[in-house]
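What the coordinates show
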Amino acid sequence: MTTVQKIKEVEDEMARTQKNKATSYHLGQLKAKLAKLRRELLGPTGGGGGGGGLGFDVARTGIASVGFVGFPSVGKSTLMSKLTGTHSETSEIDFTTLTTVPGTLKVHGAPIQILDLPGIIEGANDGRGRGRQVIAVARTCNLIFIVLDVLKPLGDKTIIESELEAFGIRLNKKPPAITVKKKDKGGIAITNTVPLTKIDHDEIKAILSEYKLSNCDVAIRQPNATADDLVDVIEGNRVYIPAIYVLNKIDAISIEELDLLYKIPNSVPISSREWLNIDELMDIMWRRLDLVRVYTKPRGAPPDYSSPVVLRRGKSAVEDFCSAIHKEIAKQMKYAIVWGASAKHARGQKVGLEHVLEDEDVVHIAKK
């Protein structure tokens, strides 16, 4: 029996099993078994890596990358071509783009790499089409644009979400506040600081048993934690990526229908052909990437606002700023003076390498 068939068998058994106190242990085992089978299916081709396969390895450029994911012929390539000036084959025919097409877009002075991925099909995570390679590249992106046709957005949205979910991509979520610590002896100890509303102790023990974890401490601080959350923590290979649902071809619908589309969370209705509402898409993209622009100020001169040093949130200390300019600057720095949101005083604050910078700060480096 192939791995895909085993997955189908487990999924069918889960669908048949009614959830109640008597079946929670069994369901926990099934969920853990399903996660292990998916890892087995996707692992051999390097599921978490740089794409795998001819035409899918792309040299990374820019401060962040945005992947375009969607079904064939939803307008990804047209949007990519107009945004970046990079030619990506466009046609009304399915599967025009056959490899990853990279391009670069400058937003607020920051170079953003755009990756036009081939259209995925239902069953991509099981290896149909080039789906596994497509989703593997999507795992490495900082933001995902899920491009949907406005005439059938919700059905396609559900299918793509399940394909990405099966490949360990969690959209618009944060890692669960759950810890599992192995120990040498003492059995299983479960503590929770919030009520367990969607998982019970039997289900937790069943999942631990499937992973052969007989001695460990489990601490749950996640409200409404589920069995899937626990499995994700144990597997440890999940990626949590923000996503924007780009609802394309709004030129083909009425104003009333457009109002309904705005009710879909994290969505931006656009028309890549007529170039409608692209400004809103770019604004939301910038906010979701959560980048930090820092302007340099030479001694005795005004700040240079024309070319910011762009850093990622979480890696935006003065030391990161120095390294982004030249690796030797941090060694030569005596102190830095910072103006802006991260400074305590409007007149500027003298800081060290560990000081964390905020968006649109101005920095002057004083050398030894």
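Scope of this entry: the structure provided in the associated data block.

Rules used throughout
- Residues numbered from 1 in each chain as written.
- Predicted model: local features only at pLDDT ≥ 70, side-chain atom pairs only at ≥ 80, totals over all residues.
- Heavy atoms only, no water.
- Pairing = 2+ DSSP bridges.
- Helix = DSSP H or I, 4+ residues; strand = E, 2+ residues; numbered from the N terminus.
- Axes fitted to C-alpha atoms, helices over the stretch in contact; angles between N-to-C directions.
- Contact = heavy atoms within 4.5 Å.
- Buried < 20%, exposed > 50% of the residue type's maximum accessible area, 1.4 Å probe, protein only.

Here we take up the sheet that holds strand S2 (residues 101-107). Spatial strand order, S2-S3-S1-S4-S10-S11: six strands in an open sheet with mixed pairing. With one partner strand each, in any of the chains shown, S2 and strand S11 (267-269) form the two edges of the open sheet. Within this sheet the neighbouring strands show an average axis-to-axis angle of 25 degrees, counted without direction. Alignment of strand S10 (residues 243-248) against S11, held across three bridges, turns out to be parallel. Looking at S11, one finds that Leu 247 is bridged to Pro 269. Strand contacts of helix H5 (residues 153-166): strand S1 (64-70), strand S4 (143-149) and S10, with the helix running at about 145 degrees to S4, the strand carrying the most contacts.

Right, let's talk about the sheet that holds strand S14 (residues 333-339) for a bit. Within the open sheet, the five strands sit side by side as S13-S12-S16-S14-S15. Their pairing is mixed. One side of each edge strand has no neighbouring strand; the edge strands of this open sheet are strand S13 (304-312) and strand S15 (349-351). Neighbour-to-neighbour, the strand axes of this sheet turn through a mean angle of 35 degrees, independent of strand direction. When strand S12 (residues 291-296) meets S13, the two strands line up antiparallel, connected through five bridges. Across the sheet, Val 294 pairs through a bridge with Val 309, a residue of S13. Here helix H10 (residues 318-325) sits on the sheet and contacts S12, S13, S14, S15 and strand S16 (361-367); the angle it forms with S13, its principal contact strand, is near 115 degrees.

Attention now moves to the pairing of S4. Within S4, seven of the seven residues are buried, leaving the element largely enclosed by the surrounding structure. Burial along S4 is two-sided: the face carrying Leu 143, Phe 145, Val 147 and Asp 149 and the face carrying Ile 144, Ile 146 and Leu 148 are both buried. Relative to S4, S1 runs parallel, the two sharing five bridges. When the bridges of S4 are listed, Phe 68 appears paired with Phe 145. Two elements, S4 and S10, share six bridges in a ladder whose sense is parallel. Bridging from a neighbouring strand, Leu 148 pairs with Leu 247 of S10.

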